[in-house]
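# Working through the structure, step by step
Residues per chain are reported as follows:
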Amino acid sequence: MERALELISEYGYLLVFFGTVIDQSGIPVFIVAGGIFVAAGLLGFLQVVSLSILALVVTDIPFIFIGRYLSGRLVGNYSTGKSVRWLKNFMIAGTAIFLKSPTLFYLFSKVIPVIGKYVPVFAGFSGSRKTRAILLFSLGDVIYALVFTIGGVYLGDIFIKHSRMLAILIALIFAVFYLLAARIYGKRIKSRMGKERSDYR
């Protein structure tokens, strides 16, 4: 037990950082674990939060650039190859979903299991300004890291024990907010189109 505590004290920050880089669970197990280690006095709160944010940002930025790269390669590409057509249709469909409520995705997409980690690809594909995208995703990363580190400190056992159920619940809440935002977006588009038709006549 003492050896385990020594290992956590020595390598706990690396565990939080690299675990967060690869984590796709929606409920960030390694950030929550970092909070538990903070509560146990093995790690520092600011260090855990800072490393969690850094781990999230260093995955967001490359994905944004990958999205920009794919946009340059696929937009205007009329190749008949199945793989190219499939990838193009997939990126267009995903980007259309993203554009219905970009702010929601910028700030809270990480709570969506698996898919949330790759939302920056669609942001990049959409042509959103890189600086704005990075800043907004980073703000979302700060919120995400703080909420789940504090959650780990005070409710760590509950988060770990019920992580799957919590991930599904939070993803469903996100979906509800997305559908509401998408509906408002649709009404605005219809209103704008109706106004333009009226002005044209």
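Residues numbered from 1 in each chain as written. Predicted model: local features only at pLDDT ≥ 70, side-chain atom pairs only at ≥ 80, totals over all residues. Heavy atoms only, no water.

### Overview of the packing of aromatic side chains
A complete count under the given rule lists 10 aromatic pairs for this structure. A ring pair is formed by Phe105 and Tyr178, whose centres lie 5.5 Å apart and whose planes are at 70°; its orientation type is edge-to-face. You can see Phe105 sitting in helix 5 (residues 102-108) and its partner Tyr178 sitting in helix 8 (residues 163-200), a full 73 residues away along the chain. Using a relative accessible area of 13% as the deciding quantity, one classes Tyr178 as buried. An aromatic cluster is built from Phe98, Phe105, Tyr106, Phe137, Phe174 and Tyr178, whose rings are joined through pairwise contacts. (Phe/Tyr/Trp six-rings, centres within 6.5 Å; stacked < 30°, edge-to-face > 60°. Helix = DSSP H or I, 4+ residues; strand = E, 2+ residues; numbered from the N terminus. Buried < 20%, exposed > 50% of the residue type's maximum accessible area, 1.4 Å probe, protein only.)

### What about the pattern of salt bridges?
If you walk through the whole model with that rule in mind, you get two salt bridges. The partner of Asp60 in a salt bridge is Lys110, with the nearest N and O atoms 2.9 Å apart. Here the residue Asp60 occupies a position in helix 3 (residues 45-74), and Lys110 occupies one in the loop between helix 5 and helix 6 (119-125), the gap between them amounting to 50 residues. Residue Asp60 shares its accessibility class with Lys110, and that shared class is buried. Of the charged contacts, one joins Lys110 and Asp141 as a salt bridge, the two residues approaching to 3.0 Å between their closest N and O atoms. Residue Lys110 is found in the loop between helix 5 and helix 6, and its partner Asp141 is found in helix 7 (residues 130-161); the two are separated by 31 residues along the sequence. A residue is classified by how much of its surface remains accessible, and Lys110, at 9% relative accessible area, is buried. Salt bridges sharing common partners tie together Asp60, Lys110 and Asp141. (Salt bridge = Lys/Arg side-chain N within 4 Å of Asp/Glu carboxyl O.)

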